[in-house]
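Given next are the chains, with one letter for each unit.
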Amino acid sequence: MDLSQFGQRNKEKYSQFLFEDKLEFQENKVQNKENQNPSQRQSPLMRKSISPMRKKLNKEATLALIQEIYTQKFQDASVQIQQKSKVNEDFNQYVQKFTRDRLIDINGSLAIINDHVTLFKKFMNKDYEEEDLMYYLFVRAIVEKEIGQQIYSRAQVVELQTKVLIPKQIENIIHTVFGFDQEQEIEQLMQLCNQKMTNKKMNAFEFMLLALEKYYKDRNPESLQQLVIKTVFELIDRFFADNYGTIPSDKYKQVQSIINDLLNAIFKFDKRIWFQRVQPKPDDLLFMENLQKQYKKLQKDELVLFSKRILQTPQLAKCLAQIID
C-alpha cells in the first residue's frame, strides 16, 4: 500500500502516534541457526525427504495467534512507513509465511466459528483491503493505549469482547483517530456508538468493528450503492419471474427507470426525485425519510432486508402495475 493511499488526513496523525508516543511491543527472538549443535542439524537430503507435519491449533491458541499476527503486522508496517516504503499489500501471504515458519496449519486452525476468526479471514480474503486492515490496526493500537494494556503479549491475550469501554473512553479514542478538526466524522461515529451501547457501555471489539465498517463504507460509497442496486433488481426480477414470467424488454426498461429514480432519491438524499413520479402523501414523505436514514447507517449484513424495505415503498407497486398490467 502506497502511503498516499492511506487517507491523507490520517497519515500525519498516524505517523506521529507511531513514532512519538507508540506502545512498546515485545520483540520475537529468532534462534540463530549457526548456534545449533551440529548433531541437531539435518542434511539437505534429510530435509527434502521429510515432509513436516503442520499442527492445527485449538481455539484458544488460534485466537492468540490472530492477535500476535496483528501486533507483528502493525510493528512491521510501522517500520515500513517510517522508511517511506510500501507496506506489504498481501496480508494472506504475510499470514502464510508467518505460520509456515512455525509449522502451523493455518487453514485448519481457522476452521472454527468465532467473530475474531471471521474478521481475520475477511482480511486474508481481501473482503477488506490493505488500507482497511491498517486502519483497523491503527484503531486497535489506540484502544490499547486507552485501556493501558497490550492486547497481545506472551504472558496474556486480552479478550476484547469482555473489555468494556465507557462513553468517555470511546470519545477519547475517536478524537485520537480523527483529531479535533474532523467534527462531522467524530459526530457520526459517536452517534453509531451511542446506538449500539447497552447501559452506556460497549465492548472494545464491537467498537473496533464499528469503526472499521464505517471507515470501509466511507471509502467505498459507490460499492455499497452497487450492492443495493444489485440486490433490489435481483428481488424484483425474482418477483416478476414467479408472477409474470418473461416481460417485454420495453416494459422492463420502464420498470428499471422507475426503480432507478427511487434508488437515486435514497442515495442522493433528494426525495424530490421520487416525488416527481408520484403525488406525495404524508406517509410517503415519512417512509422516504426513514429509508434515507437507514441507508446512512446501512451495514453489509442488512442489504437484503433494506432492499426489501425499498420495494415496500408506498405507490411503487401502483407504478409498476400500471406498466405490467
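Because the structure is a prediction, the values reported are computed rather than measured. (Residues numbered from 1 in each chain as written. Predicted model: local features only at pLDDT ≥ 70, side-chain atom pairs only at ≥ 80, totals over all residues. Heavy atoms only, no water.)

1. What about the overall build of the protein?
Across its full length, the protein holds 16 helices and two strands. In the protein, which comprises 325 residues, the share counted as buried stands at 42%. For the protein, the share of sequence-separated contacts (at least 6 apart) that also reach a separation of at least 24 residues comes to 72%. Counting only carbon and sulfur atoms, one obtains 48% of the accessible surface of the protein, whose full area is about 19,100 Å². (Helix = DSSP H or I, 4+ residues; strand = E, 2+ residues; numbered from the N terminus. Buried < 20%, exposed > 50% of the residue type's maximum accessible area, 1.4 Å probe, protein only. Contact = heavy atoms within 4.5 Å. Areas by Shrake-Rupley, 256 points an atom, 1.4 Å probe, with all protein chains shown as cover.)

2. Re helix α8 (residues 167–178)
Between its terminal C-alpha atoms α8 stretches 16 Å, which fits the 16 Å expected from 12 residues at 1.5 Å a residue. Gly-179, located one to two residues past α8, shows a positive phi value of around 75°. (Expected span 1.5 Å × (residues − 1).)

3. Brief notes about unusual backbone geometry
Despite not being glycine, Lys-126 has its phi angle at roughly 65°, a positive value. By relative accessible area, Lys-126 is classed as partly exposed at 46%. You will see that Gln-315, though not glycine, has its phi angle at about 75°, which is positive. By secondary structure assignment, the location of Gln-315 is in the loop between α15 (303–310) and α16 (316–324).

4. Focus: the nonpolar core
Of all hydrophobic cores here, the largest spans 56 residues; its most connected members are Tyr-70, Phe-91 and Phe-207. Those elements giving two or more residues to this core turn out to be α3 (59–82), α4 (91–100), α6 (115–124), α7 (130–147), α8, α9 (183–196) and α10 (204–219). Among the elements that make up this core, the one with the highest residue count is α7 (11 residues). When residues no more than four places from it in sequence are discounted, the contact partners of Tyr-70 are Phe-91, Leu-119, Phe-120, Phe-123, Leu-133, Tyr-136, Leu-137 and Arg-140. (Core = buried A, V, L, I, M, F, W, Y, C linked by side-chain atoms within 4.5 Å.)

5. Focus: the pattern of salt bridges
If you walk through the whole model with that rule in mind, you get 11 salt bridges. Here Asp-90 and Lys-126 are joined by a salt bridge, their closest N and O atoms 3.2 Å apart. With Asp-90 in the loop between α3 and α4 and Lys-126 in the loop between α6 and α7, this pair connects stretches of sequence that are 36 residues apart. (Salt bridge = Lys/Arg side-chain N within 4 Å of Asp/Glu carboxyl O.)

6. What to know about the packing of aromatic side chains
Taken as a whole and assessed by the stated rule, the structure comprises 14 aromatic pairs. Considering the side-chain rings of Tyr-70 and Phe-123, the 6.3 Å spacing of their centres and the 85° angle between planes classify their relative orientation as edge-to-face. With Tyr-70 in helix α3 and Phe-123 in helix α6, this residue pair connects regions lying 53 residues apart in the sequence. When sorted by exposure, Tyr-70 lands in the same class as Phe-123, which is buried. (Phe/Tyr/Trp six-rings, centres within 6.5 Å; stacked < 30°, edge-to-face > 60°.)

7. Focus: the environment of Phe-91
Counting through the fold element by element, Phe-91 comes out in helix α4. The class for Phe-91 is buried, based on a relative accessible area of 2%. Sequence separation of Phe-91 and Leu-133 is 42 residues, and the distance between their C-alpha atoms is 8.7 Å.

8. Concerning the side chain of Thr-62
Within the element layout of this structure, Thr-62 appears in helix α3. On the basis of relative accessibility, which here comes to 1%, the residue Thr-62 falls in the buried class. Contacts of Thr-62, omitting those with residues within four sequence positions, involve Leu-57, Ser-109, Leu-110, Ile-112 and Val-117.

9. Thoughts on the packing of α3 against α7
As a packed pair, α3 and α7 sit with axes 10 Å apart at the nearest point and diverge in direction by 100°. Here α3 is positioned roughly perpendicular relative to α7, judged by the angle of their axes. Contact residues: Gln-67, Tyr-70, Thr-71, Lys-73, Phe-74 and Ala-77 in α3; Glu-130, Leu-133, Met-134, Tyr-136, Leu-137, Phe-138, Arg-140 and Ala-141 in α7. Of the residues that constitute the contact of α3 with α7, the class distribution is nine nonpolar, two polar and three charged. (Axes fitted to C-alpha atoms, helices over the stretch in contact; angles between N-to-C directions. Parallel < 35°, antiparallel > 145°, perpendicular 65-115°, else oblique. Nonpolar A, V, L, I, M, F, W, Y, C, P; charged D, E, K, R; others polar.)

10. Digging into the environment of Ile-173
If you trace the backbone, Ile-173 turns up in helix α8. Accessibility expressed as a relative area gives 0% for Ile-173, which makes it buried.

11. A short note on α9
In this model, α9 (14 residues) spans 20 Å end to end at C-alpha, consistent with the 20 Å of a helix rising 1.5 Å per residue. For α9, the complete set of buried residues consists of Glu-185, Ile-186, Leu-189, Met-190, Leu-192 and Cys-193. Take α9 and look down its axis: the buried residues cluster within an arc of 155°, on one side only. Summarising the geometry of α9, the exposed residues directed more than 90 degrees from the buried face are Glu-183 and Gln-184. (Arc of directions from axis to C-beta.)

The values are spatial; any link to function lies outside them.
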